[in-house]
Protein chains: 2
Amino acid sequence: MALQITKPTLLLNEKRALANIDRMVEKATRSGVRFRPHFKTHQSAEIGQWFRDKGVTAITVSSVDMALYFARHEWADITIAIPVNLRQLDAIDYLASRIKLGVVVESVEAVDSLRQQIGSDLQVWLKIDVGYHRTGLLWDDPSSIMQVARSVKSAKKLRVKGLLTHAGHTYGETSAEKIRAIYRQSLERMTIVQYELSQQGYDVQISVGDTPGCSLIENFGEVDEIRPGNFIFYDLSQVWFGSCREEDVALALACPVISKHAARNQIVIYGGAIHLSKESLPANSLTNHQVPIYGGICLMEDGCWSGMFQNSAIINLSQEHGVIDAEEQLFKSVNVGDLVAILPVHSCLTANLMGQYQTLGGKQIDMISRNKFSKESISEFA
Amino acid sequence: MALQITKPTLLLNEKRALANIDRMVEKATRSGVRFRPHFKTHQSAEIGQWFRDKGVTAITVSSVDMALYFARHEWADITIAIPVNLRQLDAIDYLASRIKLGVVVESVEAVDSLRQQIGSDLQVWLKIDVGYHRTGLLWDDPSSIMQVARSVKSAKKLRVKGLLTHAGHTYGETSAEKIRAIYRQSLERMTIVQYELSQQGYDVQISVGDTPGCSLIENFGEVDEIRPGNFIFYDLSQVWFGSCREEDVALALACPVISKHAARNQIVIYGGAIHLSKESLPANSLTNHQVPIYGGICLMEDGCWSGMFQNSAIINLSQEHGVIDAEEQLFKSVNVGDLVAILPVHSCLTANLMGQYQTLGGKQIDMISRNKFSKESISEFA
């Protein structure tokens, strides 16, 4: 193997990631919808370029810092898809003066703050709750929705661009039919809100987009844009939901084996919660384990990772150790000092922790700096 | 408040951290044991200096990278307390040539690799499993222990320094009596192994040290050194175990409120899994919630955080959002745009994610760079 891996290293199968992008680009084109991929998954300017090469010009991010980072890398149409953080209005105002910026609101109070402090044109998306119940105005509460819409309309620099939802309740569903049903129901509810607003003279777009829904739906229907993110890498959760095949997963964490315990069929790796995150799949989900699992197990073969062992998984994860419950064939194949490759449960969190990718060809790809105070400040952007 | 907090920010109560250090230093001194604190919790050279100011000269780390980082910051007696990673023997050899380095082994195979590739004196600790069953040679398997000891002894540059254990099975116990019993049992088992080795002519030290045990034991007994780490900050888990009081917790994550939902008594913060980690406490642990919780809730008052609300907690955590189930008084006290402070479930993982501390006085404290390929390389150390 060409790669010199000495410690936990996040491997990126570029070919798979590009195929995942292609598939979603084609589907969006076929459905005639704008593709505004969520860049919180990869957080990388270089990977962003792969999307640009496919004609993508509009993106989604989940923080003002990420918007500043991608704006600095010449993205000029960005939606920050989290209810607006009123403590970062300076940076939002700065961004709005330079790029086409979209923000998400769900209260009159937030709109009031925007009205007072934003001096440039700003696109405002009303966050609609179609059933996930994390954030958003309830889809069946038209009077509250109308109140916020009116408040936006009355502000000189603000424009009601559309309705935005995240049907996060597809996560955890493992039937394609159920996931498609949630997608269709979300769309129906969004269309009702759109209609009600149109009756009051508002012309608003619809933006949707969770990875399970967008992966399992062939035609996106009457929406204006989709915003999936995770699909570029996928992960063990998405395999479990049925959003992708195991062969579509484009990230794996290569980890050195540091210990083996034959009496309990366990392999211990150098690779823990600070590399993979503590995201887990429930007991009896993808494997037969009676406890939550923290990753799937593959071997390294010819510079790539193998298929996953179906009866093995990480069953315990501390700061830097992972404990693998190993089936016989796996246990026998691996010695202390060897590498195994772990399919992450949640690739967004694993990528965020690792801060860097290594392609199977050995190339390093960087991403945004982590949560430091000054790194993504306005002054650096300017 | 003097602090200008615009986004999730890891606050460090310096006074509490210093008091936590003092307490452990004093207890170690009183017990006549070496204090070799685990620096994986804070991962910061500047915070390391606080220990040095109290006379600490020996430390524990959990990776070769951390050893390189602290060696660069003039720590000259370091134990890497994880079974030795055979893929980093170059760096280990380099470190061993410059500082007093300790590594942990649990197999003859690992010792063979060390024998072949290490050219300087290296202290070898035999990892003993006293009941946690993560790694280590079983305490009641003297023949395997003796085999590894002999193998170390036969290698010119290696020296059997001692027996090292981590009684991680104190984690999750919530009775002080039970935790003390585990400590005493571990010690008894380690002493038996020490005796058996002494019969074969080995003079070995005993190293122990999980935070619950070290916090609840007043006299450490017949051990040579203790290695707790988490105690410098503590966290919600340790409050639950009973290792500390809530008033001892020295870290909190300040987060902007971005959404409120009166119908379900929920407050949504900008602050998620990439800030806090997905470590959770089980349902019905510290609060009355029927679901796992991801953090305790405080208000910001006079530049510090308040006492924790006893009937509120983070009940859902996605990449950048946290959902708080809020009792009435909390719900009423907080508006969109305000800050709340979250007591982390596991301070080590939260600190690792945030990468930087801000003291209540507004000072920034840095830590080691995250898991990048080249950052902590040998060449940088040299």
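Residues numbered from 1 in each chain as written. Chains lettered and ligands numbered in written order. Predicted model: local features only at pLDDT ≥ 70, side-chain atom pairs only at ≥ 80, totals over all residues. Heavy atoms only, no water.

**What about the overall build of chain A?**
- Scanning chain A from N- to C-terminus turns up 13 helices and 19 strands.
- The C-alpha radius of gyration computed for chain A amounts to 22 Å, which stays within 12% of the reference 21 Å derived for 382 residues, consistent with globular compactness.
- Its C-alpha atoms give chain A principal-axis dimensions of about 70 × 45 × 35 Å.
- Across chain A, contacts joining residues at least 24 apart in sequence account for 66% of those joining residues at least 6 apart. (Helix = DSSP H or I, 4+ residues; strand = E, 2+ residues; numbered from the N terminus. Rg over C-alpha atoms; globule rule 2.2 N^0.38 Å. Contact = heavy atoms within 4.5 Å.)

**Overview of the domain arrangement of chain A**
Residue and element names in this part refer to chain A.
- On domain assignment, one finds that chain A holds domain 1 (14–233) and domain 2 (246–345).
- On a C-alpha basis, the centroid separation for the pair domain 1 and domain 2 is 35 Å.
- Facing six residues of domain 1, the contacting portion of domain 2 comprises seven residues.
- For the pair domain 1 and domain 2, the number of links is one salt bridge.
- A salt bridge links R23 to D248, with the nearest nitrogen and oxygen atoms 3.6 Å apart.
- Across the contact surface, domain 1 and domain 2 share four residue pairs in polar contact (both at pLDDT 80 or more).
- In terms of residue class, the side of domain 1 that touches domain 2 is made up of three nonpolar, one polar and two charged. (Domains from an automatic or database assignment. Salt bridge = Lys/Arg side-chain N within 4 Å of Asp/Glu carboxyl O. Polar contact = N/O pair within 3.5 Å; in protein donor to acceptor, adjacent residues only side chain to side chain. Nonpolar A, V, L, I, M, F, W, Y, C, P; charged D, E, K, R; others polar.)

**Here we look at the state of the cysteines**
- Per the stated rule, a full pass over the model turns up zero disulfides over all chains.
- The thiol sulfur of C255(A) is not disulfide-bonded, and the nearest other cysteine sulfur, from C298(A), lies at 11 Å.
- This cysteine, C304(B), is not joined by any disulfide, and C298(B) carries the nearest cysteine sulfur, 8.9 Å off. (Disulfide = S-S within 2.5 Å.)

**A word on the pairing of strand 5 (residues 100–105) of chain B**
Residues and elements named next belong to chain B.
- The buried fraction of strand 5 is high, at five of six residues.
- Relative to strand 5, strand 4 (residues 77–83) is paired through five bridges, and the arrangement is parallel. Within strand 5, the residue paired with P83 across the bridge is V104.
- Each parallel crossover has a hand, and the one from strand 4 via helix 4 (residues 89–96) to strand 5 is right-handed.
- In terms of strand pairing, strand 5 meets strand 6 (residues 122–129) through four bridges, oriented parallel. Paired with G102 across the strands is Q123, a residue of strand 6.
- With helix 5 (residues 108–117) bridging strand 5 and its parallel neighbour strand 6, the resulting β-α-β unit is right-handed. (Buried < 20%, exposed > 50% of the residue type's maximum accessible area, 1.4 Å probe, protein only. Pairing = 2+ DSSP bridges. Right-handed = clockwise from strand over helix to strand, strands pointing away.)

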